[in-house]
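Chain by chain, the residues run as shown.
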Amino acid sequence: MRARIIYNPSSGREQITKYLLDILRIFEQAGYETSTYETTTEHLSASNEAKRAAQEGFDLIVAAGGDGTVSEVINGVAGLEKRPTIGIIPAGTTNDYARSLQIPRHDLLEAARFLVSQEAIPMDIGKTGNTYFMNIAAAGHLSDITYE
């Protein structure tokens, strides 16, 4: 089994890089051949890498970052015919989607252990235009309130 961890080094309190080697170890001990990809400031960096990794046949893609990173990873694979399992390591500030899935949010290593110990569950996602969403879709005034 192959896993690709797509991580955003700027998410949240920028702690993911500090724990990355330990996270890799957890996945490898669970039987995954694991590699990483650090997102860049390039538009849709996480989305493009998720799509590429899925097309290369990775079994698991882990979004390690905040809700934005998770959204990009979902958008990278959602339109593909063959999609890998998606996991989340909540390394962002709010991690709203991880909270709703009851993924440990305050300990990155515990979140990694949680992922490798759970069975995948199918989840619905929505689509508006060409964009997929998994937790919430907002526009206009609601988006402005969130950012304020």
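Think of each chain on its own: its residues are numbered from 1, step by step along the sequence as written. In view of the model being predicted, local features appear only for residues whose pLDDT reaches at least 70, and side-chain atom pairs are presented and counted only at 80 or more, with totals across whole chains, interfaces and linings using the full set of residues. Side-chain measures were taken over the full set of non-hydrogen atoms in the model, leaving aside hydrogen atoms and water.

Digging into the pattern of salt bridges
Criterion for a salt bridge: a side-chain nitrogen of Lys or Arg within 4 Å of a carboxyl oxygen of Asp or Glu. Under the counting rule described, the total for this entry stands at five salt bridges. A salt bridge links E49 to R4; its shortest N-O distance comes to 2.8 Å. With E49 in helix 2 (residues 45–55) and R4 in strand 1 (residues 2–7), the pair connects residues that are 45 residues apart, well separated along the chain. A residue is classified by how much of its surface remains accessible, and E49, at 5% relative accessible area, is buried. Relative accessible area decides the class of each residue, using a 1.4 Å probe on protein chains only: under 20% of the type maximum gives buried, over 50% gives exposed, and in between gives partly exposed. Note on R4: relative accessible area 12%, which makes it buried. Its salt-bridge partner being E56, residue R52 comes within 2.3 Å of it at the nearest N-O pair. Residue class for E56 comes out partly exposed when judged on its relative accessible area of 45%. The helix and strand labels rest on DSSP assignments: H or I over at least four residues marks a helix, E over at least two residues marks a strand, and numbering proceeds from the N terminus.

Digging into the packing of aromatic side chains
Within 6.5 Å between ring centres, the rings of Phe, Tyr and Trp (the latter by its six-membered ring) count as paired, and their orientation is classed by plane angle as stacked under 30 degrees, edge-to-face over 60, tilted in between. Applying the stated criterion across every chain, the model contains one aromatic pair. Look at NZ for Lys and CZ for Arg. If either is within 6 Å of the ring centre and within 35 degrees of the ring normal, a charge sits over the ring. In this structure, R2 is placed above the aromatic ring of F58, and the distance from its NZ or CZ to the ring centre is 4.0 Å.

Looking at unusual backbone geometry
Of note, the phi angle at L44 is positive, near 65°, even though the residue is not glycine. Of note, L44 is situated in the loop between strand 2 (33–38) and helix 2. On the basis of relative accessible area, L44 is assigned to the partly exposed category, the value being 36%.

Brief notes about the packing of helix 1 (residues 16–29) against helix 5 (residues 108–117)
Convention adopted: a line fitted to C-alpha atoms gives each axis, helices being fitted over their contacting stretch, and angles between N-to-C directions are expressed from 0 to 180 degrees. In contact at an axis separation of 9 Å, helix 1 and helix 5 are set at 25° when each is read in the N-to-C sense. Between helix 1 and helix 5, the crossing angle belongs to the class labelled roughly parallel. The two elements helix 1 and helix 5 meet at a crossing, and its hand is right-handed. Each of I16, Y19, D22, I23, I26 and F27 in helix 1 lies in contact with helix 5, whose residues at this interface are L108, L109, A112, R113, L115 and V116. Should an angle lie under 35 degrees it is considered roughly parallel, over 145 roughly antiparallel, and from 65 to 115 roughly perpendicular; all remaining angles are considered oblique. Here a crossing is taken to be left-handed if its near helix is turned anticlockwise relative to the far helix by less than a right angle, and right-handed if that turn runs clockwise. Here a residue-residue contact requires only that any non-hydrogen atoms of the pair lie within 4.5 Å.

Section: the side chain of S45
Its location among the elements puts S45 in helix 2. Non-local contacts of S45, meaning those with residues more than four positions away in its chain, are made with Y37, T39, T40 and E72.

Remarks on the environment of A30
By secondary structure assignment, the location of A30 is in the loop between helix 1 and strand 2. Expressed as a C-alpha distance, the spacing of A30 and M1, which sit 29 residues apart in the sequence, is 9.7 Å. Each residue touching A30, except ones within four places of it in the same chain, is listed here: M1 and V116.

Considerations on the nonpolar core
Throughout this description, the term nonpolar core refers to a set of buried Ala, Val, Leu, Ile, Met, Phe, Trp, Tyr and Cys residues connected via side-chain atoms within 4.5 Å. Of all hydrophobic cores here, the largest spans 40 residues; its most connected members are I5, I16, I23, F27, I61 and I89. Residue contributions to this core peak at six residues, all from helix 1. What I61 contacts, discounting residues up to four positions off in sequence, is R4, I6, A50, A53, A54, V73, V77, P84, T85, I86 and G87.

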